[in-house]
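# Topology and contacts: notes
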Amino acid sequence: NTNVARLGLLERLFPDALIVVPIRDPWAQAASLLRQHLRFLDVQKDAAFAQRYMRDLGHFEFGEALRPIAFDGRVPETLLASEMDYWLQYWEAGYSHVLAEASDKVIFVDHDALSADPEAHLTALSVALGLATPETLIAAAKRYRPSPPGSRAATTPALARRLAELHRALKARCLPRSERVAL
């Protein structure tokens, strides 16, 4: 979601809000983003309406109207968006930005851990959010299923190392964290 580029703005507009940011294995998320992009390209090649509709809604995340966010000040080359490395680098830029910008009002949730043990993680999230009726969120646990592992697509060793380090740093901020909640 492009709101990760607006964390500071969201905090200023909604000073009492807590912001939940899910974290996913970079290879699994990049593969998912690539699949979405290729689907949008396929649909939009035969349907100008679909491209116009998404553009008019302001959805520029995928397809012919792709307009990536310049997280690190550089706009990624969209001609490479049909390649896995593009989405891995975009994940790195986006989550580097998130990690640098996130205040203590941002609650990180490990998507993979949540999917593997949804009740524990939804309980921790409901506590962190201070929900009056946590059972409503916790009841959603039955809808989760474990995520398949992300395939370690070929990329440069340097990028793979940076992704692994960033993913570890993000996971260290994820719930459940003893200083945030007690399960």
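Okay, so let's go over this structure. Owing to the predicted nature of the structure, the values given are computational and were not obtained by experimental measurement.

With that out of the way, let us pick up the overall build of the protein. Looking only at helices and strands, one finds eight helices and three strands in the protein. Beginning at the N terminus, the succession of helices and strands in the protein can be written as α-β-α-α-α-β-α-α-α-α-β. Split into buried and exposed, the 183 residues of the protein put 36% on the buried side. Look at the contacts in the protein between residues 6 or more apart in sequence, and 69% of them connect residues 24 or more apart. By element, 55% of the accessible surface of the protein is carried by carbon and sulfur atoms, the whole surface being about 10700 Å².

Here the focus is helix α2 (residues 26–46). In an α-helix there are 3.6 residues to a turn, and that puts residues three or four apart on one side. In this model, α2 (21 residues) spans 31 Å end to end at C-alpha, consistent with the 30 Å of a helix rising 1.5 Å per residue. Taken as a whole, α2 has its buried residues at Pro26, Trp27, Ala28, Gln29, Ala30, Leu33, Leu34, His37 and Gln44. The backbone nitrogen of Trp27 lies 3.1 Å from a side-chain oxygen of the residue at the head of α2, namely Asp25.

This part is about the sheet that holds strand β1 (residues 19–23). If you trace the three strands from one edge of the open sheet to the other, you get β1-β2-β3, paired in parallel fashion. Each of the sheet's edge strands pairs with one partner strand only, and the pair in question is β1 and β3 (174–175). One ladder, built from five bridges, connects β1 with strand β2 (residues 106–110); its direction is parallel. For Val21, the partnering residue across the bridge sits in β2 and is Phe108.

If you look at the biggest cluster of nonpolar residues, it comprises 29 residues, and the most contacted ones within it are Val21, Trp87, Tyr95 and Phe108. When residues of this core are traced back to their parent elements, those giving at least two are β1, α2, α4 (84–101), β2 and α8 (157–172). The element that contributes the greatest number of residues to this core is α4, accounting for nine residues. In terms of nonpolar packing, the next biggest core, distinct from the first, is built from ten residues, Ile107, Ala124, Leu125 and Ala140 among them.

The rules behind these values
Residues numbered from 1 in each chain as written. Predicted model: local features only at pLDDT ≥ 70, side-chain atom pairs only at ≥ 80, totals over all residues. Heavy atoms only, no water. Helix = DSSP H or I, 4+ residues; strand = E, 2+ residues; numbered from the N terminus. Buried < 20%, exposed > 50% of the residue type's maximum accessible area, 1.4 Å probe, protein only. Contact = heavy atoms within 4.5 Å. Areas by Shrake-Rupley, 256 points an atom, 1.4 Å probe, with all protein chains shown as cover. Expected span 1.5 Å × (residues − 1). Polar contact = N/O pair within 3.5 Å; in protein donor to acceptor, adjacent residues only side chain to side chain. Pairing = 2+ DSSP bridges. Core = buried A, V, L, I, M, F, W, Y, C linked by side-chain atoms within 4.5 Å.

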